[in-house]
Amino acid sequence: MNDFEIVKQLMEKEIKELPNDSPFKKLKFNKSTGNYSLPKEVEDKIMQGKIK
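Below: a short report on this structure. What you are looking at is a predicted structure, and each value in this text was computed from that prediction instead of being measured. (Residues numbered from 1 in each chain as written. Predicted model: local features only at pLDDT ≥ 70, side-chain atom pairs only at ≥ 80, totals over all residues. Heavy atoms only, no water.)

Let us now look at the overall build of the chain. Along the chain, the regular secondary structure elements total two helices and two strands. Secondary structure of the chain in N-to-C order comes out as α-β-β-α. Relative to the 2.2 N^0.38 estimate, which gives 10 Å for 52 residues, the radius of gyration of the chain is 12 Å and therefore markedly larger than a compact globule would have. C-alpha atoms of the chain, sized along the principal axes, occupy 40 × 25 × 10 Å. Looking at the chain as a whole, 12% of its 52 residues qualify as buried. (Helix = DSSP H or I, 4+ residues; strand = E, 2+ residues; numbered from the N terminus. Rg over C-alpha atoms; globule rule 2.2 N^0.38 Å. Buried < 20%, exposed > 50% of the residue type's maximum accessible area, 1.4 Å probe, protein only.)

Dropping the structure here:
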């Protein structure tokens, strides 16, 4: 297992342990960029100050 796979597994474990009402529970892995990102609608709500 390489470092990337280890980090991905750790992130998935951490995301599962977040409270259900956390906006970060919606973090998804984007295979094309190799990063985690939030859905656009969640990002928009955070940027508008609706989610803190």
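The next subject is the packing of aromatic side chains. Counted by the stated rule, this structure contains two aromatic pairs. Pairing F4 with F29 gives two aromatic rings, centres 5.7 Å apart and planes at 55 degrees, and the pair type is tilted. Linking F4 in helix α1 (residues 3-17) with F29 in strand β1 (residues 28-30), this pair joins segments that are 25 residues apart in sequence. Among the residues examined, F4 registers a relative accessible area of 45% and is labelled partly exposed. One aromatic cluster is present, formed by F4, F29 and Y36 through successive ring pairs. Over the aromatic face of F29 sits the side chain of K8, whose NZ or CZ is 4.7 Å from the ring centroid. (Phe/Tyr/Trp six-rings, centres within 6.5 Å; stacked < 30°, edge-to-face > 60°. Lys NZ or Arg CZ within 6 Å of the ring centre and 35° of its normal.)

These figures come from the coordinates and say nothing about function on their own.
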